[in-house]
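Here's the letter readout for the chains.
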Amino acid sequence: MAEGAMPQEMGQAPVVERLRAILPQVQWEFVPTPNDPAIVVRREDLPHLMQTLKEHPDLAFDYLRCLSGVDHIDQLEVVYHLRSFRHGHTLAVKVPVPLEDPHVPTMSHLWQAANWHERETHEMFGIVFDGHPDLRPLLLEEGLGYHPLRKSHPLAEIEEWQEEFLEREEALVAAAAPPGARAEEDERAKKIALAQKKAEVMKRAREEARAKGLSGEEERRYVQEAVRRFEAELGQEVAPKEAPAPKAAPADRAAKIALAQKKAEVIKRAREEARAKGLSGEEERRYIQEALRRLEQEGG
Amino acid sequence: MALQQEHELETIDLHINVGPQHPATHGVFRMILTVDGEKVVDCDPVIGYMHRGAEKLSENCDYRQAIGYQDRTEYLAQFNAEWTYCLAVEKLLGLQVPERAEYIRVILGELNRVASHLMFMGAFGTDVGFFGTPFMYAFREREVIQDFFEAVTGERMMYNYFRPGGVAWDVPDDFEEHCRYVIDHVRRGVEELDALMTDNEVFLARCRGLSPVTPEEAINWGFSGPMLRACGIKHDLRRAEPYSIYDRFDFEIPTGTQGDVYDRYLVRMEEMRQSLRIVEQALRQMPKQGPVMAEGLKRTIRVPPGEVYSRTESPRGEYGVYLVSKGGDKPWRLKIRSAAFCNLSALKNLVVGNYVADAIIILGSIDIVLCEVDR
Amino acid sequence: MIAGNPWLDAFLRLLVVATGIPLAVIVLNYLERKVIGRVQNRLGPMRVGPYGTLQAIADTIKLLTKEDVRPATADRWVFELAPYVVVVPTVVALVALPVTDDLWVRNLGLALFFILAVSTLSIVGFLMAGWGSDNKYAILGAMRSAAQLISYEIPLVMAAVAVAMVAHTDVGRGSLNLVEIVEGQGRVPYIAWQPLAFFIFTVAAVAELYRQPFDIPVAESEVVGGPLVEYSGIRWAMFMMAEYVNLVLLSILASLVFLGGWNWPLGNEVGPALQVPLVLLKTFLFILFFFWVRAALPRLRIDQLMAYSWQVLLPLAFYQIVVNGLALVYGWPDPILGLLSGGGMVVAVYLTYRAVRRPVRRPLAAAQRMGV
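Model, not experiment: these values are computed from the prediction.

Remarks on the overall build of chain B
Check the secondary structure of chain B and you find 16 helices and eight strands. The principal-axis extents of the C-alpha atoms in chain B amount to approximately 85 × 45 × 35 Å. Across the 375 residues that make up chain B, the buried fraction comes to 66%. Summing over all exposed atoms, chain B offers an accessible surface of approximately 12,200 Å²; the carbon and sulfur share of this is 50%.

Quick notes on the overall build of chain A
Across its full length, chain A holds eight helices and seven strands. A fraction of 50% describes how many contacts in chain A between residues 6 or more apart in sequence connect residues 24 or more apart. Counting every atom, chain A has about 18,400 Å² of accessible surface; 52% of that belongs to carbon and sulfur.

Quick word on the sheet that holds strand β4 (residues 75–83) of chain A
Residue and element names in this part refer to chain A. Here five strands make up an open sheet; going across it, the order is β1-β2-β5-β4-β3 and the pairing mixed. If you trace the sheet from one side to the other, it starts and ends with β1 (28–31) and β3 (63–71), each paired once. Between one strand axis and the next, the sheet turns through 25° on average, direction left out of account. Across eight bridges, β3 lies against β4 in antiparallel orientation. Within the sheet, the bridge partner assigned to Leu67 lies in β4 and is Tyr80.

Details of the packing of helix α1 (residues 6–39) of chain C against helix α2 (residues 55–65) of chain C
Residue and element names in this part refer to chain C. The interhelical angle for the contact between α1 and α2, taken along N-to-C directions, is 115°, at an axis separation of 8 Å. Crossing of α1 over α2 shows right-handed handedness. Residues Ile26, Asn29 and Arg33 of α1 touch α2, and the partners they reach there are Gln55, Ala56, Ile57 and Asp59. For the contact of α1 with α2, the residue count by class is three nonpolar, two polar and two charged.

Quick word on helix α5 (residues 122–132) of chain C
Residue and element names in this part refer to chain C. Along α5, eight of the eleven residues are buried, which leaves the element largely enclosed by surrounding structure. Three or more residues of α5 are buried, namely Ser122, Ile123, Gly125, Phe126, Met128, Ala129, Gly130 and Gly132. Considering only its buried residues, α5 is in contact with α3 (76–93), α4 (111–119), α6 (136–165) and α10 (234–257). One or two positions beyond α5, positive phi appears at Asp134, with a value near 55°.

So, the interface of chain A and chain B
Contacts between chain A and chain B engage 47 residues on the former and 48 residues on the latter. When chain A packs against chain B, close to 4,100 Å² is buried across both sides, 55% of that on carbon and sulfur atoms. On the surface where chain A and chain B come into contact, there are eight salt bridges. Residue Asp44 of chain B is joined to Arg136 of chain A by a salt bridge in which the shortest nitrogen-to-oxygen separation is 3.3 Å. Between the two partners, chain A and chain B, sit 21 residue pairs in polar contact (both at pLDDT 80 or more). Considering every element that reaches the side of chain A that touches chain B, the biggest residue donor is β3 of chain A, with eight residues. Counted by class, the side of chain A that touches chain B contains 23 nonpolar, eleven polar and 13 charged residues.

A closer look at unusual backbone geometry
With glycine set apart, most residues show a phi of negative sign, and most peptide bonds adopt trans. At Ser211 of chain B, a position not held by glycine, the phi torsion is positive, near 50°. With relative accessibility at 6%, the residue Ser211 of chain B sits in the buried group. For Tyr210 of chain C, which is not glycine, the phi torsion reads 60° and is therefore positive. On the basis of relative accessible area, Tyr210 of chain C is assigned to the buried category, the value being 9%.

Quick notes on the nonpolar core
One finds Tyr80 and Val93 of chain A together with Leu33 of chain B to be the most contacted residues of the largest nonpolar core, which totals 160 residues. Looking at this core element by element, the count peaks at 14 residues for helix α5 (residues 99–128) of chain B. Contact partners of Leu33 of chain B, with chain neighbours within four places excluded, come to Leu14, His15, Ile16, Val18, Val40, Asp42, Cys43, Val351, Val356 and Ala359 of chain B. Val163, Phe199, Leu247 and Phe286 of chain C belong to the second largest nonpolar core, which has 73 residues in total.

Considerations on the packing of aromatic side chains
Describing an aromatic ring pair means giving the distance of the ring centres and the angle of the ring planes. Residues and elements named next belong to chain B. Summed over all chains, the structure comprises 38 aromatic pairs over all chains. Considering the side-chain rings of Phe120 and Phe124, the 5.1 Å spacing of their centres and the 10° angle between planes classify their relative orientation as stacked. Taken as a pair, Phe120 and Phe124 lie in helix α5 at a separation of four residues, close to a single helical turn. Looking at Phe124, the relative accessible area reads 1%, which means it is buried. With a centroid separation of 6.4 Å and an interplanar angle of 70°, the aromatic rings of Tyr246 and Phe251 are classed as edge-to-face. With a relative accessible area of 3%, Phe251 lands in the buried category. Lying across the ring of Tyr355, Lys39 places its NZ or CZ 4.4 Å from the centre. Lying over the aromatic face of Phe251, Arg239 brings its terminal NZ or CZ to 4.3 Å of the ring centre.

Quick notes on the rules
Residues numbered from 1 in each chain as written. Chains lettered and ligands numbered in written order. Predicted model: local features only at pLDDT ≥ 70, side-chain atom pairs only at ≥ 80, totals over all residues. Heavy atoms only, no water. Helix = DSSP H or I, 4+ residues; strand = E, 2+ residues; numbered from the N terminus. Buried < 20%, exposed > 50% of the residue type's maximum accessible area, 1.4 Å probe, protein only. Areas by Shrake-Rupley, 256 points an atom, 1.4 Å probe, with all protein chains shown as cover. Contact = heavy atoms within 4.5 Å. Pairing = 2+ DSSP bridges. Axes fitted to C-alpha atoms, helices over the stretch in contact; angles between N-to-C directions. Left-handed = near helix turned anticlockwise from the far one by under 90°. Nonpolar A, V, L, I, M, F, W, Y, C, P; charged D, E, K, R; others polar. Buried area = accessible area lost by both parts, 1.4 Å probe. Salt bridge = Lys/Arg side-chain N within 4 Å of Asp/Glu carboxyl O. Polar contact = N/O pair within 3.5 Å; in protein donor to acceptor, adjacent residues only side chain to side chain. Core = buried A, V, L, I, M, F, W, Y, C linked by side-chain atoms within 4.5 Å. Phe/Tyr/Trp six-rings, centres within 6.5 Å; stacked < 30°, edge-to-face > 60°. Lys NZ or Arg CZ within 6 Å of the ring centre and 35° of its normal.

Right under this line is the structure:
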């Protein structure tokens, strides 16, 4: 791979050598990175450096590939990736920016490509590009009030905080609950194991039914039989978790449907009566709830 | 002087909002055009409607989870986006991707390029005013390619298949026959599409000579991909800064002459043919067996501190990922340099001075993907 | 037809036309979707009814039951009357259109003139629609549509008039009566002697009908419907109805004036049982051509469209009229006329071809200078 080699020592990349020859007075620090040689320069040297990088015929960096902001917590940084079409070499220029004075001179007069990149970096990090013709927010709404990509704007922290909070809550609840409920954590694992066993039983029963030549309704009934046997074997482990059930729910599907239909009838009649009486809104709802409660008390 | 002012016809420039909801803006994009009669005097693009904070979210994911965000950012050329990201991570880790995985990546990436260009043909044809015929033809081929991707990755669009170090799993057994079928089918479809659109007189009348761009302007404005090659610059990252195994393949780089809308269309049409050539060569050279994932990767990838800017040639241009890592299992900064973002930033230069009807065509010829622009 | 009371006669004939219109609209709507679907490699409507034949009826029901939305700031009467102003002239023009010798509502002596003049009134309707909608897109679309319709009306009329000039009649040459024009085409249809006029008429008809490549006033992907953007439900359906009725009108007109109507090749003596299908067949050929062109061509920009009309079609139409006049004065036989007109058509095709190939503006040298 052509440009993959990482220069081992400082200044081995030819473009950096050229830079050193052309601009000896600029202080910079070489950072070895894969793919492109990178230099760290001071903010004050930036305009002159960029102008030379663009216009000097031996450097001729006419293409601004990428302009990013990075938040290093103690300082911000602007990184420019440049390429020269004439010579084919690339360069990354990194400029550290102090947090209390986040100003960097703009490069949009040299490369128009920088225009939108600088707008985006400004709204995401709060870095002000002096001299930019139009520093409105690009992706975010105006007047947001904060800079999202800064590390001080929490994303992970909120989630971590939430997780810790939830864990603390659960610990409190578990401590306050009677000792029987201590098995909460095991409950979930047990439920999962139970569901897996049930699935196994169903699968085996289905295969047996198919082998016997049953299909459709008969197959379903066969599978249901097997499941019922399995649950009977397990006995009390399959007791419903919500202990205070309002009434014994009918296990038969048809009975459930009949119950639901009865409920719907009751609701419809109650609504009509309420409307005939002139009730509306909250009162109408309460009337319907009354009717439902009466139905439940009558049993079903 | 006062008399002259009295007799001048006072006209007001009309502000037209080619709004977020519009059949022709390829997504949720807003252009505020200031129009004098039929000519556009000013253009202010407003983006950000699809901004979902992919870069920030990626800082909270570990290195394998972030692949999903790359998919959703560049939703027409997903493999290229995943590839760039995986290249960045592999570069920092110093991983060597096994041969078979490289070939799989090349095949899928190039077919993804074809699919993306087919989508462009369909959408661009609709913009220019075809009643939907190129759209139907192009999508028939795209369906074939998406079927193929579904057979390999299980997904029609958000593949999540490339991983740092290789690909997630090996390809199915009928990969080669299926791929050859796809190549044949798509090749014929591309010729049909070419016959329908390229020499069409009305199409030429609309697109020829519209918004030409000089090479210097193109480089200054940050163009890449077909927009840049249409201006005559023979720059393709697969040749200029080869990544993966692209130096083993023989393909041409189509260029245009004057950088106008028609040239951009021609470049993309020819690129589809060249991509199919690459896929054929890759199929022939691919090792029949072998690992598809690099050795020694742990369950959690921890990348040593460093930074890298990796870039690939996506269908829209140069898709770059600037990855800064400070050790740990999550990226510190993941900046996505998307081609459509940079190409779109020059919209004002391209559109001003043309007619309103042409503004839509110019926008279509840039081939934007809003999620990539907004991330 | 029905002898006796002329009022009853007129009423019954109008009834036939009035029932024919919705039928034609429904059939053409379905046909268009199927034909365009086939060109685009898909099936078109298939679900509603066998092979989707009831789709148009389902769409009609939907449009009739839609809520009639009217923008609050729209100019009320202008907005609401616009669809009527668009539909009524096209329907009125059908009054003078004969289908065979005897199947007409009124056999006007000025039939051709009447039809073209009355159908032009629809332009006002589009302007009303655009203005009354109080919407920038609508106004833009209305301006464009008015410009386009007026620009293409002129070559259309001139091509028709050119043919009318040299129509063979019992008393000499020249007639605006459509029945007479058709009867003069017993042996040879006028397309053979006037190919240039045919070409101009067809192109101008495509522009009159707002179809690709001339559909910029109602362009979906740009001005989102143009003057029709604020209309919904039945009002929008009326605009569509006007478009289809106009399609039928211009297709029948073209088949009568250029292809010989019911007369060629079967002759005048054959009964209406054969003549009506013949006319319908020729009409259908034109309609198919319009559908096909719509599916295959993108749209021209408004300035290109206008330039084409004023700089190519209009001078050629003048040329055709002048040639016809010379033929009438000097008594040239018809084949000479055909030859001259054919030459004009070759010029027309060449000009069209040249107009769409713009010269390359900037050379490649710039890139080469840069050495990239």
